[in-house]
Amino acid sequence: MLLWSSMVFLLALVVFTCSNGVFTLAQNELLSLKRLPSARSQYSPTRISLKSTGTRNGTATVLEMKHREHGKLEKRVILDDIRVESIQSRIKNTVSVSTQKQAQLPLISGLKLQTLNYIVTVTLGGRNLTVIVDTGSDLSWVQCQPCRFCYTQPDPLFNPSLSHSYQSVQCSSKPCQTLQYSTGNSGLCGKNPPLCNYAVTYGDGSYTRGELGKDRLVLGGIAVESFVFGCGRNNKGLFGAASGLMGLGRSDLSLISQTSDVFEGVFSYCLPDSDSDSSGSLTLGADASVFKNSTPVSYTRMLQNPQLYSFYILNLTGISIGGVGIESPSFGKNGVLIDSGTVITRLPPSMYRGLKAELLKEMSGFPSAPGFSILETCFNLSAYEEVSIPTVKMQFEGDAEMTVDVNGMFYFVKKDASQVCLAHASLAYEDEIGIIGNYQQRNTRVVYDTKQMKLGFAKEICSFS
């Protein structure tokens, strides 16, 4: 599914990290298979408290962010593929168009709210709401009362009439006029009063429709007045049981743009693994003192493309596995998106073939297993307590490098490790733009600086404490 999307604001996200033990050995890491979570614990939907949790440390505020998955495993992989297809379609069809404060929000896995993505609890109009965090979207929205058609969520819908700070957005306003650029659809004028109606349809058929509103948004104790968002009256699709979505894209309606004067257009996150109970952090703001990175942050520039302004695009110059560089004519050509809402990384065919071939050499002693949906390189590791996994590193312009965490290398189709697949997939065509998904971003501090147009990576074991 494609979800359209000087004060320092730091959001600490509580997310799940993997319980598997990891040990580094030169260009390989050992992946422990001793304590794999049960399928029941991973997929059973559970109601969670929406109480806003957080701590203040000087100018920093920390809130919890979690990961939630939904549905059966095969369906989740298929839906991820639909999201990627819609991103590629959007790319092809798009048209051009000093006092410091910090806040940290706990960021957690979306498992219990039945969504693939990471979620965070915020306060809007005095109400705590849990929303999906997505760098591939711009317009933030929540389900609102009265609702003509809303999917089920565990807590009451947002009711604008109960908020003393809520205001409607008129058709003649600037936010309404920027909807086309932010969502792909123009704002529609209502009658008596002339409210600004919006409609966003995602690539998998999911949609949200309603009117724009403004209200007081509180993020870890830092208040954002007159935050523009969608008050969804008709919502359907693959949003799990989250209350809505927070757009961290780059258009005028995104949270990053609306708060740029306050938070300096900088944010970062550390996404933990979805299978355990520890936490990670999402950081909006330029203060790196709250990071817990074990390696320095290495930066690469964001590619500027007026047609793709809302996306975060980087120049991928190389990939190595086990210290061996792979060859591809697409390195340095089309760029690569980095996206928190896509799960599995997609590579141009030549890159994927090189990665697959070298992995098969490195793991030639392990039995193969059948492919699963879009994941075709699979192994049967059920007879092992731990295996040595070749380290994958992605190189970017300016000597920046992202090391894929060992727990982001494989997708466990079966929890007994009898079907464990490389968590990368191939795009259909060589000229399509690759996408770095959230599975491969685990236990990495990813820093977005939209003012300096740069993005950085550093190793970090995601922890909220």
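Residues numbered from 1 in each chain as written. Predicted model: local features only at pLDDT ≥ 70, side-chain atom pairs only at ≥ 80, totals over all residues. Heavy atoms only, no water.

Colleague: Explanation requested: the pairing of strand β8 (residues 118-124) in the structure shown.
Modeller: Looking down a regular strand, the side chains alternate between one sheet face and the other. Taking burial as the measure, the 7 residues of β8 include 7 buried ones, the bulk of the element. Both faces of β8 are covered, namely the face carrying Tyr118, Val120, Val122 and Leu124 and the face carrying Ile119, Thr121 and Thr123. Note that β8 and strand β9 (residues 127-134) share 6 bridges and pair antiparallel. Within β9, the position partnered with isoleucine 119 by the bridge is isoleucine 132. In this structure, the hairpin formed by β8 and β9 is closed by a connection of 2 residues, where glycine 125 is found at a positive phi of approximately 60°. Looking at chain direction, β8 and strand β14 (residues 207-219) are connected through 2 bridges and run antiparallel. By the bridge assignment, threonine 123 is partnered in β14 with valine 218. (Buried < 20%, exposed > 50% of the residue type's maximum accessible area, 1.4 Å probe, protein only. Helix = DSSP H or I, 4+ residues; strand = E, 2+ residues; numbered from the N terminus. Pairing = 2+ DSSP bridges.)

Colleague: When you look at the sheet that holds strand β22 (residues 324-325) in this model, what are you seeing that I'm missing?
Modeller: The pairing of strands in a sheet happens through backbone hydrogen bonds and is either parallel or antiparallel. As summarised here, the arrangement of the 4 strands in space is β22-β21-β28-β29, forming an open sheet in which the pairing is antiparallel. The strands lining the two open edges of the sheet, one partner per strand, are β22 and β29 (400-403).

Colleague: Can you walk me through the packing of aromatic side chains in this structure?
Modeller: To describe a pair of aromatic rings, you give the distance between the ring centres and the angle between the ring planes. For the coordinates displayed, the defined rule picks out 13 aromatic pairs. Ring plane angle 80° and centroid distance 5.9 Å describe the contact between phenylalanine 158 and phenylalanine 229, whose orientation is recorded as edge-to-face. Of this pair, phenylalanine 158 sits in the loop between β10 (141-143) and β11 (167-168) while phenylalanine 229 sits in strand β15 (residues 222-236), placing them 71 residues apart in sequence. Ring geometry for phenylalanine 267 against tyrosine 312: centres 6.1 Å apart, planes inclined by 70°, an arrangement best described as edge-to-face. Here phenylalanine 267 is found in strand β17 (residues 266-270), whereas its partner tyrosine 312 is found in the loop between β19 (298-301) and β20 (313-314), with 45 residues between them in sequence. Residue phenylalanine 267 is classed as buried on the basis of its relative accessible area, which comes to 0%. Overall, the relative accessible area of 2% leaves tyrosine 312 in the buried class. Members of the aromatic cluster, connected to one another through ring pairs, are Phe267, Tyr269, Tyr312 and Tyr448. Stacked on the ring of tyrosine 309, the Lys or Arg arginine 250 has its end atom at 4.1 Å from the ring centre. The ring of tyrosine 299 carries the charged tip of lysine 454 above its face, separated from the ring centre by 4.3 Å. (Phe/Tyr/Trp six-rings, centres within 6.5 Å; stacked < 30°, edge-to-face > 60°. Lys NZ or Arg CZ within 6 Å of the ring centre and 35° of its normal.)

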